[in-house]
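Overview (structure and organization)
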Amino acid sequence: SEDIRRSGATVRGGDAVNGVDGQLRHTGSIAGAASFITADVRLSHRPNDRLEFALVGQNLFEPQHLEQGPIPITATAEAPRSFHGKVTWRV
């Protein structure tokens, strides 16, 4: 079994209306995949108890990175940088 070294930190802050969550992660290299450092951030706004708007950015430091080395008879994929929005309406 291969020893994969991972470390990270999470930060959260805000109040009942505005919030921010962030995560910074490091993963050591494994056979076929280099080590990487990346971050995710989520910003939210809740104008009332039923409605929330959120913007999320993931894997922010590079356009993409390989999270595992090649495995026979499988496709190798990279985790891309991504951004998305979310609207939550609670009934």
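It should be noted that the structure appears before, not after, this text.
The structure reproduced in this document is the subject of the present report. A quick note: this is a predicted structure, and the numbers were derived from the prediction, not measured. (Residues numbered from 1 in each chain as written. Predicted model: local features only at pLDDT ≥ 70, side-chain atom pairs only at ≥ 80, totals over all residues. Heavy atoms only, no water.)

1. Overview of a nonpolar patch on the surface
On the surface, a cluster of nonpolar side chains totalling about 320 Å² of accessible area is made up of Val20, Val41, Leu43 and Leu55. Structurally, leucine 55 is set in strand β4 (residues 51–58). (Patch = residues over 30% accessible without salt bridge, like charges linked within 9 Å, V, L, I, M, F, W, Y side chains within 5 Å. Areas by Shrake-Rupley, 256 points an atom, 1.4 Å probe, with all protein chains shown as cover. Salt bridge = Lys/Arg side-chain N within 4 Å of Asp/Glu carboxyl O. Helix = DSSP H or I, 4+ residues; strand = E, 2+ residues; numbered from the N terminus.)

2. Considerations on the pairing of strand β1 (residues 6–14)
Regular strands show a simple pattern: their side chains alternate between the two faces of the sheet. Counting buried residues in β1 gives 0 out of 9 residues, a small share hidden from the surface. In sequence, β1 turns back onto strand β2 (residues 18–27) through a hairpin of 3 residues. (Buried < 20%, exposed > 50% of the residue type's maximum accessible area, 1.4 Å probe, protein only. Pairing = 2+ DSSP bridges.)

3. Points about the side chain of threonine 38
You can see threonine 38 is positioned in strand β3 (residues 36–45). Side-chain polar atoms of threonine 38 contact the side chain of asparagine 59, separated by 3.5 Å. Filtering out sequence-adjacent residues up to four positions away, threonine 38 remains in contact with Gln23, Leu24, Arg25, Asn59, Leu60, Phe61 and His65. (Polar contact = N/O pair within 3.5 Å; in protein donor to acceptor, adjacent residues only side chain to side chain. Contact = heavy atoms within 4.5 Å.)

4. Here's the deal with the pattern of salt bridges
Going through the model one piece at a time under the given rule, you end up with 6 salt bridges. Arginine 25 is the partner of aspartate 40 in a salt bridge, and the nearest nitrogen-oxygen pair spans 2.7 Å. Here the residue aspartate 40 occupies a position in strand β3, and arginine 25 occupies one in strand β2, the gap between them amounting to 15 residues. According to the relative accessible area criterion, arginine 25 is partly exposed, its value standing at 21%. As a salt-bridge pair, arginine 46 and glutamate 52 come within 3.6 Å of each other at their nearest N and O atoms. Taking relative accessible area as the criterion, glutamate 52 reaches 9% and is therefore assigned buried. Members of the salt-bridge network, linked through shared partners, are Arg12, Asp21, Arg42, Arg46, Glu52 and Arg90.

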